[in-house]
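Below, each chain spelled out in residue letters.
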Amino acid sequence: MTEPRATTLTDRIDRLFQVVRRADGGQHSHEEVARACRESTGESFSAAYLWQLRTGRRDNPTKRHLEALAAFFQVPPAYFFDDEQGSALAEEVELLGALRNSAVRNLALRAVTLSEEGLGTVTDIVEAIKRRESQRDQGE
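We now turn to the structure provided with this report.

Criteria and thresholds
- Residues numbered from 1 in each chain as written.
- Predicted model: local features only at pLDDT ≥ 70, side-chain atom pairs only at ≥ 80, totals over all residues.
- Heavy atoms only, no water.
- Phe/Tyr/Trp six-rings, centres within 6.5 Å; stacked < 30°, edge-to-face > 60°.
- Helix = DSSP H or I, 4+ residues; strand = E, 2+ residues; numbered from the N terminus.
- Buried < 20%, exposed > 50% of the residue type's maximum accessible area, 1.4 Å probe, protein only.
- Salt bridge = Lys/Arg side-chain N within 4 Å of Asp/Glu carboxyl O.
- Core = buried A, V, L, I, M, F, W, Y, C linked by side-chain atoms within 4.5 Å.
- Axes fitted to C-alpha atoms, helices over the stretch in contact; angles between N-to-C directions.
- Left-handed = near helix turned anticlockwise from the far one by under 90°.
- Contact = heavy atoms within 4.5 Å.
- Nonpolar A, V, L, I, M, F, W, Y, C, P; charged D, E, K, R; others polar.
- Polar contact = N/O pair within 3.5 Å; in protein donor to acceptor, adjacent residues only side chain to side chain.

The tally for this structure, following the rule as stated, stands at four aromatic pairs. Considering the side-chain rings of F17 and F73, the 5.2 Å spacing of their centres and the 65° angle between planes classify their relative orientation as edge-to-face. Of this pair, F17 sits in helix α1 (residues 9–19) while F73 sits in helix α4 (residues 63–73), and the two are 56 residues apart along the sequence. For the pair F17 and F73, one class covers both residues: buried. Where Y79 meets F80, the ring centres are 5.3 Å apart and the plane angle is 75°; that geometry is what we call edge-to-face.

Here is the structure:
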């Protein structure tokens, strides 16, 4: 088993933006996240400040700001602080992000009733498609 990879606060915030998407699949804007954080905390929280946190230009947010970000992205505040728990939560964030995609969610819901053999077949098919797309992308 590999050790959990330590990540910076910047990495963790950026990862949330990359993975947790709007219902239409688009990435949340700094302004919409900042607005939600302002509304939940009552404190100043600008899109520029959020951009600075996300890019590492600022790295010391208040506890309330991190709690507001955690609430917006629906992760526990520990995601930002605890390396071990952060790594475990990062995997859950990936899964949650994937399940917010309606096509992935539809496929997962259909797969729930499959036998172990059926799930193995679906996994093999998905892996074959991933390899083919990866090879195609490398050839471009």
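On we go from here.
Taken as a whole and assessed by the stated rule, the structure comprises seven salt bridges. With a closest N to O distance of 3.7 Å, E127 and K130 form a salt bridge. Of the two residues, E127 and K130 are both situated in helix α7 (residues 116–139); the distance of three residues between them amounts to about one turn of the helix. The class of E127 is partly exposed, set by a relative accessible area of 33%. A salt bridge links D137 to R136; the shortest N-O distance between them is 3.5 Å. Given the relative accessible area of 45%, D137 is considered partly exposed.

Counting 21 residues, the largest nonpolar core has I13, L16, V33, F45, L69, F73 and F80 as its most contacted members. For this core, the secondary-structure elements that each account for two or more residues are α1, α2 (30–41), α3 (47–55) and α4. Per-element accounting of this core gives the leading share, five residues, to α4.

Take unusual backbone geometry next. The phi dihedral of Q74 falls on the positive side, at around 60°, and the residue is not glycine. Secondary-structure assignment places Q74 in the loop between α4 and α5 (83–99). Exposure remark for Q74: the relative accessible area of 55% places this residue in the exposed category.

Our next topic: the packing of α2 against α4. Put simply, α2 and α4 touch, their axes get as near as 9 Å, and they point 115° apart. When you trace α2 past α4, the crossing you get is right-handed. Residue-level contacts link E32, V33, A36, C37, S40 and T41 of α2 to R64, A68, L69, F72 and F73 of α4. The residue makeup of the contact of α2 with α4, split by class, is seven nonpolar, two polar and two charged.

Below, the discussion takes up the side chain of E32. Inspection of the secondary structure puts E32 in helix α2. Within polar-contact distance, the side chain of E32 engages the backbone nitrogen of S29 at 2.8 Å. If we skip the residues at most four places from it in the chain, E32 touches R22, Q27 and F72.

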